Amino acid sequence: MITRRKPSDKFLMVAQMIGMVLLLMLMILAFGNDIGRLLK
């Protein structure tokens, strides 16, 4: 977008993996908080 050329496929793949891992960690944190509240 900045350099006005298409990013490489490898960069897109790595960026997608990082995004998925961050999303998964956020979901685990949210579920952990909910379960922790239920047990207390």
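Whatever comes next refers back to the structure up there.
Residues numbered from 1 in each chain as written. Predicted model: local features only at pLDDT ≥ 70, side-chain atom pairs only at ≥ 80, totals over all residues. Heavy atoms only, no water.

1. Digging into the overall build of the protein chain
Assigned secondary structure in the protein chain consists of 1 helix and 0 strands. Principal-axis analysis of the C-alpha atoms places the extent of the protein chain at approximately 55 × 15 × 5 Å. Going through the 40 residues of the protein chain one by one, you find that 0% of them count as buried. Put simply, the protein chain shows about 4,400 Å² of open surface, and 74% of that area lies on carbon and sulfur atoms. (Helix = DSSP H or I, 4+ residues; strand = E, 2+ residues; numbered from the N terminus. Buried < 20%, exposed > 50% of the residue type's maximum accessible area, 1.4 Å probe, protein only. Areas by Shrake-Rupley, 256 points an atom, 1.4 Å probe, with all protein chains shown as cover.)

2. Remarks on helix 1 (residues 9–39)
An ideal rise of 1.5 Å per residue puts 45 Å on 31 residues; helix 1 measures up with 45 Å between its terminal C-alpha atoms. Burial analysis of helix 1 places just 0 of its 31 residues in the buried class, which makes it a mostly uncovered element. (Expected span 1.5 Å × (residues − 1).)

3. Considering the environment of Arg5
Within the secondary structure, Arg5 sits in the segment before helix 1. Since its relative accessible area comes to 63%, Arg5 is described here as exposed. For the pair formed by Arg5 and Leu39, sequence separation is 34 residues and the distance between their alpha carbons is 52 Å.

4. With respect to the pattern of salt bridges
Enumeration over the complete set of coordinates arrives at 1 salt bridge. Linking Lys6 and Asp9 is a salt bridge whose minimum nitrogen-to-oxygen distance equals 3.3 Å. An identical accessibility class is assigned to Lys6 and Asp9; each is exposed. (Salt bridge = Lys/Arg side-chain N within 4 Å of Asp/Glu carboxyl O.)

5. A closer look at a nonpolar patch on the surface
Where nonpolar side chains cluster on the molecular surface, the patch consists of Met20, Leu23, Leu26, Met27, Leu29, Phe31, Ile35, Leu38 and Leu39 and spans about 1,000 Å² of accessible area. By the secondary structure assignment, Met20 is in helix 1. Met20 sits in the exposed class, given a relative accessible area of 51%. (Patch = residues over 30% accessible without salt bridge, like charges linked within 9 Å, V, L, I, M, F, W, Y side chains within 5 Å.)

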